[in-house]
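Fold and contact review
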Amino acid sequence: MSDSAVRRRVVQLMTWRLVITTILLGSAAGIQLNTSATAQPEPLYVLIGWIYALSAGYALSLRLTARAPWLVDAQLALDALAWRRSSG
């Protein structure tokens, strides 16, 4: 894959990650507002915060992906770790 194709795919991944995370945040906030806050959503908000923070770091490192393609692997690994940490 060419550098521009890799960059385009990484941008798509980042965009979808943010869209899904924003939907998750909105859903969690809506559920919390419409229920009697018996459930503790703090871990979910921590996960969402981490995903936004990781996405900001990914956006800052986007220019470097052509020179350091391992950054794409690092993004995927960090995403998997964040997901693993939240589910177990």
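Going by the structure above, here's the rest.
What you are looking at is a predicted structure, and each value in this text was computed from that prediction instead of being measured. (Residues numbered from 1 in each chain as written. Predicted model: local features only at pLDDT ≥ 70, side-chain atom pairs only at ≥ 80, totals over all residues. Heavy atoms only, no water.)

**Focus on the environment of Ile48**
- Structurally, Ile48 can be placed in helix H2 (residues 42–61).
- By relative accessible area, which is 2% here, Ile48 ends up buried.
- Counting along the chain gives 24 residues from Ile48 to Leu24, while the straight-line C-alpha distance between them is 7.9 Å.
- Excluding its chain neighbours within four sequence positions, the residues that come into contact with Ile48 are Thr21, Leu24 and Leu25. (Helix = DSSP H or I, 4+ residues; strand = E, 2+ residues; numbered from the N terminus. Buried < 20%, exposed > 50% of the residue type's maximum accessible area, 1.4 Å probe, protein only. Contact = heavy atoms within 4.5 Å.)

**Structural notes on the environment of Ala66**
- If you trace the backbone, Ala66 turns up in the loop between H2 and helix H3 (70–87).
- Once the C-alpha coordinates of Ala66 and Ser2 are considered, the two residues, 64 residues apart in sequence, prove to be 9.2 Å apart.

**Considerations on the nonpolar core**
- Core analysis: the largest hydrophobic core is formed by 9 residues, namely Val10, Met14, Leu47, Ile51, Leu54, Tyr58, Leu62, Val72 and Ala82.
- Elements with a contribution of two residues or more to this core: helix H1 (3–34), H2 and H3.
- Not counting residues within four places of it along the chain, the set of residues in contact with Val10 comprises Leu62, Val72 and Gln75. (Core = buried A, V, L, I, M, F, W, Y, C linked by side-chain atoms within 4.5 Å.)

**Observations concerning H2**
- Given a rise of 1.5 Å per residue, 20 residues ought to cover 28 Å, and the 29 Å separating the end C-alpha atoms of H2 matches this to within 8%.
- Of the positions making up H2, those classed as buried are Leu47, Ile48, Ile51, Leu54, Ser55, Tyr58 and Ser61. Summarising the axial view, the buried residues of H2 lie within an arc of 145°, below the 170-degree limit, and thus occupy one face. (Expected span 1.5 Å × (residues − 1). Arc of directions from axis to C-beta.)

**Some thoughts on the side chain of Ser61**
- Residue placement: Ser61 occurs in helix H2.
- Ser61 gets classed as buried once you look at its relative accessible area, which sits at 14%.
- Non-local contacts of Ser61, meaning those with residues more than four positions away in its chain, are made with Leu71 and Gln75.

Nothing here speaks to function; it is geometry throughout.
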